[in-house]
Amino acid sequence: MVTTAGDLIYATAADTVTRLGIGTAGQVLKVNSGATAPEWAAAAAGGAYTLLNSGGTALSGATVTISSISGDYTDLYLILEDFQFSGSANIQIRFNNDSGNNYYQSGTYVDGSGSSGFKGNAEATGLDIGNDGSSGNQQNVGVIRIFNYTDTSSNRVGQINYFMKVSSNSFLTNVGFGYKSTTAITRIDLIVGNSQTFNGGTYYLYGVK
Amino acid sequence: MRIVKIHNIETGEIVEREMNADELAQYEKDKLKREAEKQLAADKAVAKTAAEAKLAALGLTADDLKALGL
């Protein structure tokens, strides 16, 4: 049945097995295109984005908790698409349900009136997205990238970019953030402020190799 | 009534329910903290505007103070 060290045996039907010869160095086991048998194939190149919630998930309620995040990736990339609130509000982001003073962010903003400036917080209890943002359909968008989210030897850093419309004015804000923790991130909370709720929008969470 | 949406991204299971007592307590605590921070920022902005008005009454600007190294 088997001829070489590393050969595998798999079933082709009930009570019927066959041999799969060992692959070559670096190959990974995958299911063939007909979804009928395993086969060896080249490993996917690094840098690939894997969508962890197929089709995206609707934003609703006062708080959205994304839990049981796989530790199989290098970075996480969270996209908040077309998000809206029930009234003027912003979003606070927390990791691992940590409400300690462990969050830092600094960066700049520019708005449609020509104003620009610094936006920053240190030793905060979460990361902010928004400038007491808008309600209604304002095509708001935000992206959050968390680097090395499972690294237990150092704290976390990442980036947040968001583009929001408040009344008739649009704000673009780009900040870097630090999160003082060496615990692998397995949970992200999106908390709407000002006693408001999400009133639309979709989030997509990608794992990045 | 505050609704929390919990999405187990590994299984795809989504649960929407009212916050429990602990979650609600944290939510209210956060809300008060953020309101206090917002008020502090607003107070700073008012104080800055008032200071600028005082400078203007003296014929000075913030750039004049910077030029003096203040």
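A quick note: this is a predicted structure, and the numbers were derived from the prediction, not measured.

S.K.: Just checking my understanding: could you explain the overall build of chain A for this structure?
M.R.: Broken down by element type, chain A carries zero helices and 17 strands. Over its C-alpha trace chain A gives a radius of gyration of 22 Å, far above what one expects of a compact globule, namely 17 Å for 209 residues. The principal-axis extent of the C-alpha atoms belonging to chain A is close to 75 × 35 × 30 Å. Sorting the 209 residues of chain A into buried and exposed places 30% on the buried side. For chain A, long-range pairs separated by at least 24 residues make up 72% of all intrachain contacts whose partners lie at least 6 apart in sequence.

S.K.: Even after reading the chapter, I still don't get the overall build of chain B, so can you show me in this structure?
M.R.: Along its length, chain B carries two helices and two strands. Mapped in sequence order, the helices and strands of chain B form the string β-β-α-α. Computed over its C-alpha atoms, the radius of gyration of chain B comes to 23 Å, more than 25% above the 11 Å expected for a compact globule of 70 residues. Oriented by its inertia axes, the alpha-carbon framework of chain B measures out at about 65 × 25 × 15 Å. Across the 70 residues of chain B, 6% fall into the buried class.

S.K.: Even after reading the chapter, I still don't get the interface of chain B and chain A, so can you show me in this structure?
M.R.: By a frequent convention, interface size equals the accessible area lost on bringing the separate parts together. Residue-level contacts link 16 residues of chain B with 21 residues of chain A. Listing elements by their share of the side of chain B that touches chain A, those giving two or more residues are β1 (3-8) and α1 (21-57) of chain B. Classifying every residue of the side of chain B that touches chain A gives five nonpolar, three polar and eight charged. Pairing analysis gives five bridges linking strand β7 (residues 63-67) of chain A to β1(B), with the strands arranged parallel. Paired with A:V64 across the strands is B:K5, a residue of β1(B).

S.K.: Is there a simple way to think about the nonpolar core in this case?
M.R.: Soluble, globular proteins show a tendency: their nonpolar side chains are buried together. Formed by 40 residues in total, the largest nonpolar core has its most connected members in A:L76, A:L78, A:I93, A:I160, A:V192 and A:L205. No other element matches the five residues that strand β8 (residues 75-83) of chain A contributes to this core.

S.K.: What is the right way to look at unusual backbone geometry in this model?
M.R.: Across residues other than glycine, the phi torsion is negative in most instances, and most of the peptide bonds are trans. Residues and elements named next belong to chain A. You will see that A35, though not glycine, has its phi angle at about 55°, which is positive. Inspection of the secondary structure puts A35 in the loop between β3 (27-31) and β4 (38-42). Positive phi, close to 50°, is recorded for D82, a residue that is not glycine. Within the secondary structure, D82 is located in strand β8. Under the C-beta neighbour-count criterion, D82 is labelled partly exposed, with 13 such atoms within 10 Å.

S.K.: It is not clear to me how the domain arrangement of chain A should be interpreted in this structure. Could you clarify?
M.R.: We note that the domain assignment places domain 1 (8-42) and domain 2 (49-208) within chain A. Computed over C-alpha atoms only, the centres of domain 1 of chain A and domain 2 of chain A are separated by 42 Å.

S.K.: Would you mind going over α1(B) with me for this structure?
M.R.: What sets the pattern is the α-helix's 3.6 residues per turn: residues three or four places apart point alike. Residues and elements named next belong to chain B. Between its first and last C-alpha, α1 extends 54 Å over 37 residues, near the 54 Å set by a 1.5 Å rise per residue. Little of α1 sits inside the fold, with zero of its 37 residues counted as buried. Trailing α1 by a residue or two, G59 shows a phi angle of about 75°, which is positive.

S.K.: So what exactly am I meant to see when it comes to the pairing of strand β15 (residues 169-179) of chain A here?
M.R.: Residues and elements named next belong to chain A. Bridge analysis of strand β10 (residues 103-111) against β15 gives nine bridges, and the strand direction is antiparallel. Considered in β15, the bridge of S106 is made with G176. By the bridge criterion, eleven bridges tie strand β14 (residues 156-166) to β15 in an arrangement that is antiparallel. The partner of G158 across the bridge, within β15, is F177. Count of turn residues in the β14/β15 antiparallel hairpin: two residues, of which S167 carries a positive phi of about 55°.

S.K.: Just checking my understanding: could you explain the environment of A:Q159 for this structure?
M.R.: All names here are of chain A. Mapped onto the elements of the fold, Q159 is located in strand β14. C-alpha of Q159 to C-alpha of D189: the two residues are 30 residues apart in sequence and 16 Å apart in space. Excluding anything up to four places from it in sequence, Q159 contacts R145 and G176.

S.K.: Explanation requested: the environment of A:I160 in the structure shown.
M.R.: When you line up the elements, A:I160 lands in strand β14. Note: C-alpha distance between A:I160 and A:L29 (131 residues apart in sequence) is 36 Å.

Rules behind the numbers
- Residues numbered from 1 in each chain as written.
- Chains lettered and ligands numbered in written order.
- Predicted model: local features only at pLDDT ≥ 70, side-chain atom pairs only at ≥ 80, totals over all residues.
- Helix = DSSP H or I, 4+ residues; strand = E, 2+ residues; numbered from the N terminus.
- Rg over C-alpha atoms; globule rule 2.2 N^0.38 Å.
- Buried ≥ 20, exposed ≤ 12 C-beta atoms within 10 Å, placed from the backbone.
- Contact = placed C-beta atoms within 7 Å.
- Nonpolar A, V, L, I, M, F, W, Y, C, P; charged D, E, K, R; others polar.
- Pairing = 2+ DSSP bridges.
- Core = buried A, V, L, I, M, F, W, Y, C linked by C-beta atoms within 7 Å.
- Domains from an automatic or database assignment.
- Expected span 1.5 Å × (residues − 1).

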